[in-house]
Amino acid sequence: MARIVMKFGGTSVADLDRIKNVARHVKREVDAGHEVAVVVSAMSGKTNELVGWVQNMPKVAGANHSIYDAREYDAIVASGEQVTSGLLAIALQAMGINARSWQGWQIPIRTDSAHGAARILEIEGTEIIRRMGEGQVAVVAGFQGLGPDNRLSTLGRGGSDTSAVAIAAAVKADRCDIYTDVDGVYTTDPRIEPKARRLKKIAFEEMLEMASLGAKVLQVRSVELAMVFKVRTFVRSSFEDPDAPGMGDLLNPPGTLICDEEEIVEQEVVTGIAYAKDEAQISLRRLADRPGVSAAIFGPLAESHINVDMIVQNISEDGSKTDMTFTVPSGDVEKALRVLGENKDKIGYDVVQNESGLVKVSVIGIGMRSHAGVAATAFQALAEKGINIKAITTSEIKISILIDGPYAELAVRTLHSCYGLDKS
Ligand code: ASP
Ligand code: MG
């Protein structure tokens, strides 16, 4: 017997038939004798609709801010999950399963006060554990929490993944199964490279890099939590027949296991290729090469909430002038240029140049910690295809390369095959 948290995303609960199908997945685990808690998203499209309603409401007359009250935003957008948790509880009851819905505040899932993008601080798991022990299935509304002001909070878009992992940690589950519309995590985006393979396992650190680079299977925050609390997390499909052979396998269900690297015995050097579109490059030319220049540039950008990613600084020949190049999301270029312009005297540069529509392609793998030549292989392969590299950054487990947008797909395929990822 095991304790399992099962999370179902928006497409998995998109209508009543799919909710009934989800109930069959839950029944399979209950019938096998496991203790089960379920976390659900809102029906797909529902949260967008709710957010749209909020945005179309009139603003408070005379208010000096143009945004709506974030506490009321939360009260509204959290309702999608309330509906699906109740519907799934009913579907389970109709199958003879003892089930009960739970809203975030009823558990409670305590968060900080950042309404709209709250962080979980604490989960009171005892009552759910007690009821699971009595054979009751808890159907928890994802995405929701309770703020210190005793009001509903939400965890940011995609937050029900984080709800699931946090609950799995709180009830000390053996496994957290994230059911979604894909059947696992792939070596790269299969829409770009049809030879992409589904990974059996991926380490937390690698998944964190994949997720933050736009492999949108899981909310990044949920992967961080899974890593900190070592929650073994399976990404698997809710669209497979719930009773197909192997679906109830306790140790190796179909899908991708995100786990501690120690659990991965046959570690490849490279695990996957990820990419992030819509990057822009900004270069400051002929800066004074003196202490404090970087702080003068990146301090004001950070204060303006501009997310700077790759940073490349040249060493000046005679120690007087240097160039600084960095990347930001394309949508932030104008804001960044404005901030740099306002601080021109303090920073002391000659000209600023920028280019949008770039793509960052990344090679990810824990195995590269102990292997030399991984970067050289990438550079050689890209050179053979005539792809020009504009900037490079590396970490222990990642090499990121900035290139022109139109080369993105070719670069992804080239890197995928140069490490043999297309061969099983
Ligand atoms: N329903 C919320 C959203 O669409 C949370 C989630 O689905 O994870 O962002
Ligand atoms: Mg999601």
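Refer to the preceding data block for the structure.
Nothing here was measured: the structure is a model prediction, and the numbers come from that model. (Residues numbered from 1 in each chain as written. Chains lettered and ligands numbered in written order. Predicted model: local features only at pLDDT ≥ 70, side-chain atom pairs only at ≥ 80, totals over all residues. Heavy atoms only, no water.)

*Asks:* So what exactly am I meant to see when it comes to the overall build of the protein here?
*Replies:* When helices and strands are tallied, the protein shows 13 helices and 18 strands. The C-alpha atoms of the protein give 24 Å as radius of gyration, which agrees with the globular expectation for 424 residues (22 Å, within 12%). With the C-alpha coordinates of the protein rotated into their principal frame, the extents come out at 80 × 65 × 30 Å. The buried share among the 424 residues of the protein stands at 50%. Looking at the protein alone, contacts between residues at least 24 apart form 76% of all its contacts between residues at least 6 apart. Approximately 19,700 Å² of the protein is accessible, and the part contributed by carbon and sulfur atoms is 50%. (Helix = DSSP H or I, 4+ residues; strand = E, 2+ residues; numbered from the N terminus. Rg over C-alpha atoms; globule rule 2.2 N^0.38 Å. Buried < 20%, exposed > 50% of the residue type's maximum accessible area, 1.4 Å probe, protein only. Contact = heavy atoms within 4.5 Å. Areas by Shrake-Rupley, 256 points an atom, 1.4 Å probe, with all protein chains shown as cover.)

*Asks:* Before we go on, may I ask you to explain the site of ligand 1 in this structure?
*Replies:* The environment of ligand 1 is made up of S41, A42, T47, E81, F143, R157, G158, G159 and S160. Take T47: an N or O atom from its side chain is 2.7 Å from a nitrogen atom of ligand 1. A distance of 2.5 Å is found between an oxygen atom of ligand 1 and a side-chain nitrogen or oxygen belonging to S160. Considering ligand 1 on its own, with 260 Å² of exposed area, one finds that the protein chains cover 86% of that surface. Tallied by class, residues from the shell around ligand 1 come to 2 nonpolar, 5 polar and 2 charged. (Near = heavy atom within 4 Å. Polar contact = N/O pair within 3.5 Å; in protein donor to acceptor, adjacent residues only side chain to side chain. Nonpolar A, V, L, I, M, F, W, Y, C, P; charged D, E, K, R; others polar.)

*Asks:* Looking at this structure, how should I read the packing of helix α1 (residues 16-31) against helix α4 (residues 79-94)?
*Replies:* When two helices pack together, their arrangement is captured by the angle between the axes and the distance separating the axes. At a closest axis distance of 9 Å, the pairing of α1 and α4 adopts a crossing angle of 60 degrees. Here α1 is positioned oblique relative to α4, judged by the angle of their axes. For the element pair α1 and α4, the recorded crossing hand is right-handed. On the side of α1, the interface is formed by L16, I19, V22, A23 and V26, while α4 contributes T84, L87, L88, A91 and L92. For the contact of α1 with α4, the class distribution of residues is 9 nonpolar, 1 polar and no charged. (Axes fitted to C-alpha atoms, helices over the stretch in contact; angles between N-to-C directions. Parallel < 35°, antiparallel > 145°, perpendicular 65-115°, else oblique. Left-handed = near helix turned anticlockwise from the far one by under 90°.)

*Asks:* Hey, could you run me through the environment of R285 in this one?
*Replies:* Tracing the sequence through the fold places R285 in strand β13 (residues 272-288). The sequence separation of R285 and A211 amounts to 74 residues, and the corresponding C-alpha distance is 33 Å. Side-chain polar atoms of R285 contact the side chain of Q353, separated by 2.7 Å.

*Asks:* Please explain the sheet that holds strand β9 (residues 175-180) as it appears in this structure.
*Replies:* Backbone-to-backbone hydrogen bonds join strands into a sheet, with any given pair of strands oriented parallel or antiparallel. On the basis of which strands lie adjacent, the open sheet formed by 8 strands has the order β3-β6-β2-β1-β9-β11-β12-β10 and mixed pairing. Only two strands of the sheet have a single neighbouring strand rather than two, namely β3 (99-102) and β10 (201-203). Averaged over all adjacent pairs, the angle separating strand axes in this sheet is 20 degrees, with direction ignored. Looking at chain direction, strand β1 (residues 3-8) and β9 are connected through 5 bridges and run parallel. In the strand pairing of β9, M6 is matched with D177. (Pairing = 2+ DSSP bridges.)

*Asks:* I'm lost on the sheet that holds β13 in this one. Help?
*Replies:* Spatially, β14-β15-β13-β16-β18-β17 is the arrangement adopted by the 6 strands of the open sheet, whose pairing is antiparallel. What marks the edges here is a single partner per strand, and that holds for β14 (311-313) and β17 (391-395). With strand direction ignored, the average angle separating the axes of adjacent strands in the sheet is 25 degrees. Of the strands in this sheet, β13, β14 and β15 (321-329) touch helix α9 (residues 293-303), which is tilted by about 20 degrees from β15. Packed on one face of the sheet, helix α12 (residues 374-384) meets β17 and β18 (398-404) and runs near 20 degrees to β18.

*Asks:* For this particular structure, what's the right way to read the pattern of salt bridges?
*Replies:* One side chain can pair with another of opposite charge once the charged atoms of both are near each other. Tallied over the full model, the rule gives 28 salt bridges. K27 serves as the salt-bridge partner of D31, at 2.8 Å between the closest nitrogen and oxygen. With D31 and K27 both in helix α1, this residue pair falls 4 residues apart, about one helical turn. You can call D31 exposed: its relative accessible area is 53%. On the basis of relative accessible area, K27 is assigned to the partly exposed category, the value being 27%. With a shortest N-O distance of 2.6 Å, D177 and R175 are connected by a salt bridge. A relative accessible area of 2% places R175 in the buried class. (Salt bridge = Lys/Arg side-chain N within 4 Å of Asp/Glu carboxyl O.)

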